[in-house]
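Summary of structural features
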Amino acid sequence: MMKTKPVYLKHAVSPRDRIMGFVFLILGLFVLLVFNKNFSSETITTFAMTPGGISRGVMTDWLIQTNRTLWICGILLFLIGIYQFIFGFGHRSNLILVLVSLIFVFSFIVYVAANKMLNLAGLLASALAMAVPIILGGFCGILCERAGVVNIAIEGMMLMGAMLGSVVGSATKNIWFGLAAAMLGGGILALVHAWLSIKYKINQIVSGTVINIFSTGMTSYISSMYLQDFPNLNKTPRFPSVAIPGLADIPFIGPIIFDNSLFVYGMFLLLILLQFGLFKTRWGLRLRAVGEHPKAADTLGINVFKTRYMAVILGGLLAGFAGAYFSLGSVGRFDEGMTSGKGFIGLAAMIFGNWIPFRTMLAGILFGFADSLSSSVSILGSSIPGQFINMLPYLVTIIVLAGVVGSSSGPAASGTPYEKE
Amino acid sequence: MTPVLELTGITKQFPGVLANDHIDLKLEKGEILALLGENGAGKSTLMNILYGLYQPDSGTIFVNGKQIDVHSSIDAIRAGIGMVHQHFMLIPVFTVTDNVMLGEESLVLGDFLDRKTAAARIRKISEQYNLDVDPNAMVGDLPVGVQQRVEIIKLLYRDASILIFDEPTAVLTPQEADELFKIMRSLSEQGKSIIFITHKLREVLEYSDRIMVIRRGKVIGETTPSDADQEKLAEMMVGRAVNLNQDKKKAQKGEIVLQAKDLVVADSTKKITVHSITFTLYSGEILGIAGVQGNGQTELEEAVTGMRDFESGEIQISGKVIRKIKPREFVEAGGAHVPEDRQRDGLILSFPVEDNLMLCTYYKPPFSINGILDRKEIRRNAQTLISEFDVRTPSPLTDVGTLSGGNQQKVIVARELSRNNRLIVASQPTRGLDVGSIEYIHGQLLKKRDEGCGILLISSELDEIMELSDRILVMYKGEAIVTVDADAVSKSEIGLYMAGISQQRIPGSSETAAEKSSMGE
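Thresholds, definitions, all that
Residues numbered from 1 in each chain as written. Chains lettered and ligands numbered in written order. Predicted model: local features only at pLDDT ≥ 70, side-chain atom pairs only at ≥ 80, totals over all residues. Heavy atoms only, no water. Contact = heavy atoms within 4.5 Å. Buried area = accessible area lost by both parts, 1.4 Å probe. Salt bridge = Lys/Arg side-chain N within 4 Å of Asp/Glu carboxyl O. Polar contact = N/O pair within 3.5 Å; in protein donor to acceptor, adjacent residues only side chain to side chain. Helix = DSSP H or I, 4+ residues; strand = E, 2+ residues; numbered from the N terminus. Nonpolar A, V, L, I, M, F, W, Y, C, P; charged D, E, K, R; others polar. Phe/Tyr/Trp six-rings, centres within 6.5 Å; stacked < 30°, edge-to-face > 60°. Buried < 20%, exposed > 50% of the residue type's maximum accessible area, 1.4 Å probe, protein only. Lys NZ or Arg CZ within 6 Å of the ring centre and 35° of its normal. Domains from an automatic or database assignment. Pairing = 2+ DSSP bridges. Axes fitted to C-alpha atoms, helices over the stretch in contact; angles between N-to-C directions. Expected span 1.5 Å × (residues − 1). Core = buried A, V, L, I, M, F, W, Y, C linked by side-chain atoms within 4.5 Å.

Once that is clear, we can look at the interface of chain B and chain A. Listed per partner, the contact involves 39 residues of chain B and 28 residues of chain A. Carbon and sulfur atoms make up 65% of the area that chain B and chain A hide from each other, which totals about 3000 Å². Three residues stand out in chain B for area buried against chain A, namely Met89, Leu102 and Asp111 of chain B, and they jointly supply 18% of the buried area on that side. On inspection of chain B and its partner chain A, the count reaches 2 salt bridges. For the salt bridge of Arg286 of chain A with Glu105 of chain B, the shortest nitrogen-to-oxygen distance reads 2.9 Å. Our count for the chain B to chain A interface comes out at 8 residue pairs in polar contact (both at pLDDT 80 or more). Secondary-structure elements contributing two or more residues to the side of chain B that touches chain A are helix H2 (73-78), helix H3 (96-101), strand E8 (112-113) and strand E14 (272-282) of chain B. Tallying contributions element by element places H2 of chain B first for the side of chain B that touches chain A, with 3 residues. Residues of the side of chain B that touches chain A, tallied by class, amount to 20 nonpolar, 7 polar and 12 charged.

Dropping the structure here:
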């Protein structure tokens, strides 16, 4: 037999790599020319390292020289850009992209907070808080899609959960009843979605849209017809923050992570359950099999319909839990449209996180960070118009979905109803 | 001795078709039974009944003499019956271990998967039956032949003693098929009983112990490989004498229709798979490209027909030099293309037959006038072609995806050959088809040749190449290792070239030559 080595064409740097390199260069120049414009070498940026109003886990403020930091960051970005443009980072491109984003965002807050003080710990704590409903929404999406059902009704389920949580919580003056009602509300909408899309094989996008419209309409109606007139029905107790003894005293990290309400701890618990459940247990193996190749699962005796119902309903309970965060965890009442698209951003986090719970959580935190950054920056009052700052979370979503994700692919049978022969 | 499996009087009626008509079948322990029949003869229906995917209208199933009811595939698995489906029931993004144990998981600590134990069991099975598979590999990364082994392991993992293979070689290269039959033999020697469904005569004659022929839902007869030959089996299958060897007139070579010079083509991973190939195709001849699947034929086909850019070299169609060719230019230059993957590149499965029959020229009169489709003309065209090319379809408005493979291929052949072309590129034109359809398509290709078309025939079936070609080019690892006149070469020589043994080094041993000649099946 003749042996020949495979010959490959030389394409060291793909056009995508070049474009990324070019963008990095521009970011570097932006930091050097725009951010680092009028600062003298005496300018100082101050970061507070303990969230406001917290006395445990205190850390002293962090002072940095604005001018020098921006020079370093800008040059670093510039160099990474040149390397990316000429050689490319190959399979490490995404990692580099994350690094570049971090450096750029850091330069940005250093610039915005020059001569002022920014509470970095507060920023991160609120990022985590903002991320909770996004991450929970993403988990709901993972459960449904991993089993083969597309669920775009997460937003509607969250909204319903938020309202029911507030009403029942106010009526009974019991947060646990409120939470149960919220989860039940999400679960019932999920049952409807499952029923329409699994049993009647209605297009899952249509079914999801219908549920979203129903939910928006229904909650607005109840809110304006009854909750306005009976304010006692919309004044619920909230879940308090519980500091975990010991852990909450760790400087910087303690107050950010270990002094939170049930929702944050619940999110972390669910993360562990889902991550292990999906990939290490029989339950997860069968659920994923049903979402990838239902017919194969069926021939091996797995009940496709039952598995899908189970997954979608569990997802609904999760979405209801996420909804409860808004009323029972955050403000203590229900406002119309208070979920403000977090369910959809949760779906984006799911896709960005490649349908894996842990990565979805990281993506959710990124989106939450963009959210909290935009509010911190507008409080500091920078020269950038507020509208642009408020665009930040959505801009991040678009860039992430268009740029990084690109080729990610979900469960193979997601969105296709299963028909038994 | 009681047979391991016995079916009596199995009848299944589908709307309009009696798919199984009182079928009786017996399978002895350790036996390989071939179930032979054309596409649509009812073989798969019978096996699906046995596997619990369909319910029979009447009839009984006995396993080891005991009557069993099979309502779902689980009942079948419990009775020791396992099936390797034609389209694998595997999940590409799962590992081999996960695929095998799905539904029958090894567990620890309640619901946690015990992948180690399962993998160890898989290793044991693969050693016992010579099924070489890495339990930790991702199934989607494995070649088709290995994926099939995973399917077999799945059955053995469930202690199946009766194994059904539905068209097992349809998706395999000849080497993989050889390997599979070795595995089947070793399974039967270790006491497993096997039924394999096929319409390939040679496989049946070479590898089965007993042959049962089914036609239109009825058992036509039983025979053994020693009592039968290809002609006899073909006749039993089709119900009439089949011309397995086309009469071929001498080629009347004319002017050059296609010329490739130093053509270099890379695949989608940028690996160069066609290394500087040069050939010339004249009108009125068939140039066969022989070679084991995956030696660059697919990329060559795609480059010539404009589906893939080539890296360097030159293509000339009817004397016109083309640097960068698009599929439409290929069509406009008088080219016809019967693609290798008919469902992906040849048809739009969810479109009706009549639309598929005008896909290449839909934008031109008579089908389209000022950008508006002329439905009447499209229907007329479809009706003509359906009768002329004997496409078996309920109506021109039937979705092409619902037709059988043979009829889908006839739709493509009808569309491509009905245009007034000078050049035909046909890749694996009869893959997966039964003898009747093969006979028909071969006849059509020869007819076009005699009318003065130049035909580039790419096929990994050596028999097909030998039967149709006037000249043969053998591709090995992307290179044309030889171009010869079909009359001046034996099948065994081509077999050797296909294995990469070049002209100078062909050994005189007739034994190796005979062995290699079986590669084309």
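Tallied over the full model, the rule gives 23 aromatic pairs over all chains. Ring centres 6.1 Å apart and planes at 45° place the aromatic pair Phe47 of chain A and Phe106 of chain A in the tilted group. Linking Phe47 of chain A in strand E1 (residues 44-48) with Phe106 of chain A in helix H3 (residues 93-112), this pair joins segments that are 59 residues apart in sequence. Exposure remark for Phe106 of chain A: the relative accessible area of 25% places this residue in the partly exposed category. Centroid distance Phe239 of chain A to Phe263 of chain A: 5.5 Å. Interplanar angle 90°. Geometry classified as edge-to-face. With Phe239 of chain A in the loop between helix H7 (204-227) and strand E4 (242-243) and Phe263 of chain A in helix H9 (residues 262-280), the pair connects residues that are 24 residues apart, well separated along the chain. Joined through ring pairs, the aromatic side chains of Phe30, Phe35, Phe39, Phe104, Phe108 and Tyr111 of chain A make up one cluster. Sitting above the plane of the Tyr157 of chain B ring, Arg121 of chain B keeps its charged end 4.0 Å from the centroid. The side chain of Lys410 of chain B reaches across the aromatic face of Tyr440 of chain B, ending 5.2 Å from its centre.

Turning our attention to the domain arrangement of chain A. Residue and element names in this part refer to chain A. Here chain A is partitioned into domain 1 (15-115) and domain 2 (123-404). One C-alpha centre belongs to domain 1, the other to domain 2, and the line joining them spans 31 Å. Of the roughly 1400 Å² buried between domain 1 and domain 2 on both sides combined, carbon and sulfur atoms contribute 73%. Summed over the shared surface of domain 1 and domain 2, the result is 0 salt bridges. The tally of links from domain 1 across to domain 2 stands at 0 residue pairs in polar contact (both at pLDDT 80 or more). Looking at the side of domain 1 that touches domain 2 element by element, the count peaks at 7 residues for H3. Counted by class, the side of domain 1 that touches domain 2 contains 12 nonpolar, 2 polar and 2 charged residues.

All right, on to the domain arrangement of chain B then. Residue and element names in this part refer to chain B. Assigned domains within chain B: domain 1 (5-238), domain 2 (244-334 + 421-521) and domain 3 (350-419). Summarising the inter-unit geometry, the C-alpha centres of domain 2 and domain 3 are found 27 Å apart. Counting residues at the interface gives 14 residues for domain 2, matched by 15 residues for domain 3. The contact between domain 2 and domain 3 buries some 1200 Å² in all, and 56% of this surface belongs to carbon and sulfur atoms. On the surface where domain 2 and domain 3 come into contact, there are 1 salt bridge. One salt bridge in this structure joins Glu332 and Lys364, with 3.8 Å as the shortest N-O distance. Counting the contacts that link domain 2 with domain 3 gives 8 residue pairs in polar contact (both at pLDDT 80 or more). Counting residues per element, the ones that place at least two in the side of domain 2 that touches domain 3 are helix H10 (327-332) and helix H15 (435-450). The element contributing the most residues to the side of domain 2 that touches domain 3 is H15, with 5 residues.

Quick look at the sheet that holds strand E15 (residues 286-290) of chain B now. Residues and elements named next belong to chain B. The sheet built from 6 strands is open, its strands ordered E18-E21-E22-E15-E23-E24 with mixed pairing. Two strands in the sheet have a free side with no partner beyond their single neighbour: strand E18 (335-338) and strand E24 (479-485). Neighbouring strand axes in the sheet, compared pairwise and without regard to direction, differ in orientation by 15° on average. Both E15 and strand E22 (residues 454-458) contribute to a ladder of 4 bridges, which runs parallel. When the sheet's bridge partners are listed, Ile289 is paired in E22 with Ile458. In the packing of H15 onto the sheet, contacts are made with E15, strand E21 (423-427) and E22, and the angle to E22 comes to roughly 150°.

Residue and element names in this part refer to chain B. Spatially, 4 strands are ordered E2-E1-E4-E5 in an open sheet, and the strand pairing comes out antiparallel. Each end of this open sheet is capped by a strand with a single partner; those strands are strand E2 (17-27) and strand E5 (66-68). Within the sheet, the average angular offset between the axes of one strand and its neighbour, ignoring direction, is 30°. Pairing analysis gives 7 bridges linking strand E1 (residues 5-14) to E2, with the strands arranged antiparallel. Residue pairing across strands places Glu6 opposite Lys26, the latter belonging to E2. The sheet strands contacting helix H1 (residues 43-50) are E1, E2 and strand E4 (58-63), and the helix crosses E1 at an angle near 115°.

The end-to-end C-alpha separation of helix H14 (residues 357-380) of chain A is 34 Å, in line with the 34 Å expected for 24 residues at 1.5 Å each. Looking at the residues trailing H14 of chain A, positive phi occurs at Gly381 of chain A, about 75°.

To continue, consider the nonpolar core. With 61 residues, the main nonpolar core has Ile152, Phe165 and Leu233 of chain B as its most contacted residues. Residue contributions to this core peak at 7 residues, all from helix H5 (residues 144-157) of chain B. With near-sequence residues (within four places) excluded, Ile152 of chain B lies in contact with Val84, Leu131, Phe165, Leu180, Ile183 and Leu187 of chain B. Formed by 57 residues, the second largest nonpolar core is a distinct cluster that contains Cys144, Ala153, Leu189 and Phe334 of chain A.

Residues and elements named next belong to chain A. Positionally, Leu314 belongs in helix H12 (residues 304-331). Residue classification places Leu314 among the partly exposed residues on the basis of a relative accessible area of 34%. With residues up to four places along the chain from it excluded, the contact list for Leu314 reads Leu143 and Trp283.

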